[in-house]
Amino acid sequence: MQDFTTRDGLLTTLRGLRAEIDRVVAEAGEERAVQQGSFNELSLKDVIAHMTGWRVVTAARLEAGLHHTEPVFPWPAQFDEEQELHEINQWIYDNNRDKSLGDVMAESNDTFDRVERAVAEMPEDDLLQPNRFAWLHWTDDGLGPAVVGGTYHHYYEEHEPDIRAWLAS
């Protein structure tokens, strides 16, 4: 059971997720990880780039909370996160499809570093208290639990079952 209610729990969750992604890539091997068509038309590398693209958003939200600013997202300003998920996912793919697995993994690790650093440095009230930030209107959880929980569930609910099945095939 994951602990999304304490700083230590959030950091442990993030470190476990990072290790899991590293394990999956090591288990797949580079040749298989870049094979197109493994996940519909995507490769494992593309799936990791997709998750990293959304983890950039997690980092942006946490860094905004740390500095008491509004989060700035990496995609073009005209995209609405709540209405244009397909377009944002396509933008993430287009910006990562030509990168090597090594570059994708370096960016994945960089986003984990950013997220972990923000969680470690943020005052506990800012990290855990619900309704602390006006721009965090889509959840009743505190910033840390909301975004780390979202990152965790994005992998384990949306992608991990398919990845495990693919690895076993």
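The following refers to the structure shown. What you see is a predicted model; the values in this text were computed from it and never measured. (Residues numbered from 1 in each chain as written. Predicted model: local features only at pLDDT ≥ 70, side-chain atom pairs only at ≥ 80, totals over all residues. Heavy atoms only, no water.)

### Thoughts on the side chain of histidine 50
Inspection of the secondary structure puts histidine 50 in helix α3 (residues 44-67). Residue histidine 50 is classed as buried on the basis of its relative accessible area, which comes to 14%. Here histidine 50 is in contact with Asn89, Ile92, His154 and His159, once residues within four sequence places are set aside. (Helix = DSSP H or I, 4+ residues; strand = E, 2+ residues; numbered from the N terminus. Buried < 20%, exposed > 50% of the residue type's maximum accessible area, 1.4 Å probe, protein only. Contact = heavy atoms within 4.5 Å.)

### A look at the nonpolar core
The biggest cluster of nonpolar side chains holds 41 residues, and the ones touching the most others in it are Ile21, Leu44, Ile48, Leu62, Val119, Leu143 and Ile163. Contributions of two or more residues to this core are made by α1 (7-28), α3, α5 (101-121), α6 (124-128) and α7 (143-168). Not counting residues up to four positions away in its chain, the partners in contact with isoleucine 21 are Ile48, Met51, Arg55, Met105, Phe112 and Tyr155. (Core = buried A, V, L, I, M, F, W, Y, C linked by side-chain atoms within 4.5 Å.)

### Some thoughts on the packing of α3 against helix α4 (residues 85-96)
Where α3 meets α4, the axes come as close as 9 Å, and the angle between the chain directions of the two elements is 120°. Between α3 and α4, the angle is such that the two are oblique. Crossing hand, α3 versus α4: right-handed. Note on element contacts: α4 touches α3 through Leu85, Ile88, Asn89, Ile92, Tyr93 and Asn96, opposite Lys45, Asp46, Ala49, His50, Gly53 and Trp54. Split into classes, the residues belonging to the contact of α3 with α4 amount to six nonpolar, four polar and two charged. (Axes fitted to C-alpha atoms, helices over the stretch in contact; angles between N-to-C directions. Parallel < 35°, antiparallel > 145°, perpendicular 65-115°, else oblique. Left-handed = near helix turned anticlockwise from the far one by under 90°. Nonpolar A, V, L, I, M, F, W, Y, C, P; charged D, E, K, R; others polar.)

### A look at α1
Spanning 22 residues, α1 covers 32 Å between terminal C-alpha atoms, matching the ideal 32 Å at 1.5 Å per step. Where α1 terminates, the next one or two residues include glycine 29, which has phi positive at roughly 80°. (Expected span 1.5 Å × (residues − 1).)

### What about unusual backbone geometry?
Glycine aside, a negative phi is what most residues show, and trans is what most peptide bonds show. For asparagine 40, which is not glycine, the phi dihedral falls at a positive 55°. Given the relative accessible area of 70%, asparagine 40 is considered exposed. Of note in this structure, asparagine 131 is not a glycine but carries a positive phi near 60°. As for its placement among the helices and strands, asparagine 131 is situated in the loop between α6 and α7.

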